[in-house]
Protein chains: 2
Amino acid sequence: MDQFMQAAIEEAQSGMHSGGIPIGSVLVYENEIIGRGHNQRVQKGSTILHGEMDALENAGRQPAAVYKKCVLYTTLSPCPMCSGAILLYGIPKVVIGENLTYMGAETLLRENGVELTIVQDSRCQALMRRFIQENPALWQEDIGE
Amino acid sequence: MDQFMQAAIEEAQSGMHSGGIPIGSVLVYENEIIGRGHNQRVQKGSTILHGEMDALENAGRQPAAVYKKCVLYTTLSPCPMCSGAILLYGIPKVVIGENLTYMGAETLLRENGVELTIVQDSRCQALMRRFIQENPALWQEDIGE
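All values derive from a computational prediction rather than experimental measurement.

S.K.: Got a sec to walk through the overall build of chain A? Specific residues and values, please.
M.R.: When its secondary structure is counted, chain A shows 8 helices and 5 strands. When the helices and strands of chain A are read in sequence order from the N terminus, they spell out α-β-β-α-α-α-β-α-β-α-β-α-α. For 145 residues, the compact-globule estimate of 2.2 N^0.38 gives 15 Å, and the C-alpha radius of gyration of chain A, at 14 Å, lies within 12% of that figure. The C-alpha extent of chain A, read off along each of the three principal axes, is 40 × 30 × 25 Å. Split into buried and exposed, the 145 residues of chain A put 61% on the buried side. Within chain A, residue pairs in contact and separated by at least 24 positions form 53% of the contacts whose partners lie at least 6 positions apart. Carbon and sulfur atoms provide 47% of the accessible area of chain A, an area that totals close to 5,700 Å². The average position of the 11 basic charges and that of the 17 acidic charges among the side chains of chain A differ by 3 Å.

S.K.: Before we move on, can you summarise the packing of helix 3 (residues 51-59) of chain A against helix 5 (residues 80-89) of chain A with the specific residues and values?
M.R.: Residue and element names in this part refer to chain A. Two elements in contact, helix 3 and helix 5, have axes separated by 8 Å at closest approach and are oriented at 35°. From helix 3, Glu52, Met53 and Leu56 reach across to helix 5, where they touch Met81, Cys82, Ala85 and Tyr89. Split into classes, the residues belonging to the contact of helix 3 with helix 5 amount to 6 nonpolar, no polar and 1 charged.

S.K.: Provide a residue-level description of the side chain of Arg41(B), including the pertinent values.
M.R.: Relative to the helices and strands, Arg41(B) is located in helix 2 (residues 41-44). Here Glu141(B) takes part through its side chain, which lies 2.8 Å from a polar atom of the side chain of Arg41(B).

S.K.: Kindly report on the sheet that holds strand 4 (residues 93-96) of chain B, identifying the contributing residues and their values.
M.R.: Residues and elements named next belong to chain B. Pairing is mixed in the open sheet, where 5 strands are placed in the order 2-1-3-4-5. In the strand order of this sheet, the two ends are held by strand 2 (32-38) and strand 5 (115-118), each with one partner. With strand direction ignored, the average angle separating the axes of adjacent strands in the sheet is 15°. Relative to strand 4, strand 3 (residues 70-74) runs parallel, the two being bridged by 4 bridges. From the neighbouring strand, threonine 74 faces strand 4, where its bridge partner is isoleucine 96.

S.K.: For the packing of aromatic side chains, give the residues involved together with the corresponding values.
M.R.: Going through the model one piece at a time under the given rule, you end up with 8 aromatic pairs over all chains. Where Phe4(A) meets Tyr73(A), the ring centres are 5.4 Å apart and the plane angle is 50°; that geometry is what we call tilted. Of this pair, Phe4(A) sits in helix 1 (residues 3-17) while Tyr73(A) sits in strand 3 (residues 70-74), and the two are 69 residues apart along the sequence. Exposure class is identical for Phe4(A) and Tyr73(A). Each is buried. Look at Phe131(B) and Trp139(B): their rings are 6.3 Å apart centre to centre, the planes differ by 85°, and that puts the pair in the edge-to-face class. You'll find Phe131(B) and Trp139(B) in the same group, each marked buried. Connected via pairs of aromatic rings, a cluster forms that spans Tyr102(A), Phe131(A) and Trp139(A).

S.K.: So, the environment of Gln13(A): which residues are in play, and what are the values?
M.R.: The topology assignment puts Gln13(A) in helix 1. For Gln13(A) and Cys124(A), which are 111 residues apart along the polypeptide, the C-alpha to C-alpha distance reads 9.6 Å.

S.K.: Could you give me a rundown of the interface of chain A and chain B, with the residues and numbers involved?
M.R.: The accessible area lost on association of the parts is a frequent measure of interface size. Taken residue by residue, the interface counts 32 residues in chain A and 32 residues in chain B. Where chain A meets chain B, there are 2 salt bridges. Joining chain A to chain B, the criterion identifies 18 residue pairs in polar contact (both at pLDDT 80 or more). Looking at the side of chain A that touches chain B, the elements with two or more residues in it are helix 2 (41-44), helix 3, helix 4 (64-67), helix 5 and helix 8 (136-142) of chain A. With 7 residues, the single largest contributor to the side of chain A that touches chain B is helix 5 of chain A. Its residues placed into classes, the side of chain A that touches chain B shows 17 nonpolar, 8 polar and 7 charged.

S.K.: Can you lay out the confidence of the model for chain A for me, pointing to particular residues and giving the numbers?
M.R.: Per-chain confidence: chain A averages 97 in pLDDT, with 99% of residues scoring 70 or above. This complex was scored by the predictor with a pTM of 0.98 and an ipTM of 0.97.

S.K.: Could you give me a rundown of the relation of the copies chain A and chain B, with the residues and numbers involved?
M.R.: The operation relating chain A to chain B is a screw motion whose rotation component is 180°, with 0.0 Å of axial translation and a residual RMSD of 0.0 Å. What the rotation and shift describe, once combined, is the action of a two-fold rotation axis. When the interface residues of chain A are mapped onto chain B, 100% of them again lie at the interface, so the same face is used by both copies.

Reading guide: rules and limits
- Residues numbered from 1 in each chain as written.
- Chains lettered and ligands numbered in written order.
- Predicted model: local features only at pLDDT ≥ 70, side-chain atom pairs only at ≥ 80, totals over all residues.
- Heavy atoms only, no water.
- Helix = DSSP H or I, 4+ residues; strand = E, 2+ residues; numbered from the N terminus.
- Rg over C-alpha atoms; globule rule 2.2 N^0.38 Å.
- Buried < 20%, exposed > 50% of the residue type's maximum accessible area, 1.4 Å probe, protein only.
- Contact = heavy atoms within 4.5 Å.
- Areas by Shrake-Rupley, 256 points an atom, 1.4 Å probe, with all protein chains shown as cover.
- Lys, Arg positive; Asp, Glu negative; His and termini not counted.
- Charge placed at Lys NZ, Arg CZ, Asp CG, Glu CD.
- Axes fitted to C-alpha atoms, helices over the stretch in contact; angles between N-to-C directions.
- Nonpolar A, V, L, I, M, F, W, Y, C, P; charged D, E, K, R; others polar.
- Polar contact = N/O pair within 3.5 Å; in protein donor to acceptor, adjacent residues only side chain to side chain.
- Pairing = 2+ DSSP bridges.
- Phe/Tyr/Trp six-rings, centres within 6.5 Å; stacked < 30°, edge-to-face > 60°.
- Salt bridge = Lys/Arg side-chain N within 4 Å of Asp/Glu carboxyl O.
- pLDDT = per-residue confidence, 0-100.
- Least-squares fit on C-alpha atoms with pLDDT ≥ 70 in both.

Below, the structure is given as structure tokens:
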């Protein structure tokens, strides 16, 4: 298991343990994590802090040249908002834990030249399957449905 | 002048007066503002709180049915991240102050059925022209360039 996907899963688990939506992400630059985070809808009442956004926010203000060499690891396929943030900052590579419980804007990312790797990690899937089963309304809220 | 674009401009001016990037937005539901905000890159060191995102965040957690009846007013054409957030929540209409100093992801929005109205307001343009002239590096950072 890639150490960075492992860190993203730990973020997802941390989110779950604090009563939130179990999606985590880390932003990696030159083989080091410069930002990590998880979905904060429940914990902070946030509508924009998805896992990917939380990791980007926690990385702080970075020069464009840094983003353009980053890899974003995320436990779940990125929604349109998070995909848009990836495009805004020109992050060239995204490693996705799984896209079976939710398919994000992967076509948009690929059309814009972002390289995607789908891991289909069983732990990422198990986290989301259990969460969605136990909290269907919260999950629908998080994806605008 | 539409009262809601006026409110978005006031947010942009408020951002400028606190030393920030002069872009403001308001989220309107059934003819009332339910969230307002402005770019917070300078003030909060935020990489994700563009004007539109700040307004969405300040509106708090809303049911999907609310977003789907909202109109988002923003002083500047929405970047890919903010456009993605508009798509995530299914906001059907966006009123844009201007798109001459920066063209956002308007094609993506239109392709996904979002109705756009471009005002080309001279005050919105003047705010951005002055800001970009005086702070070119800060502006480039905000749009990932």
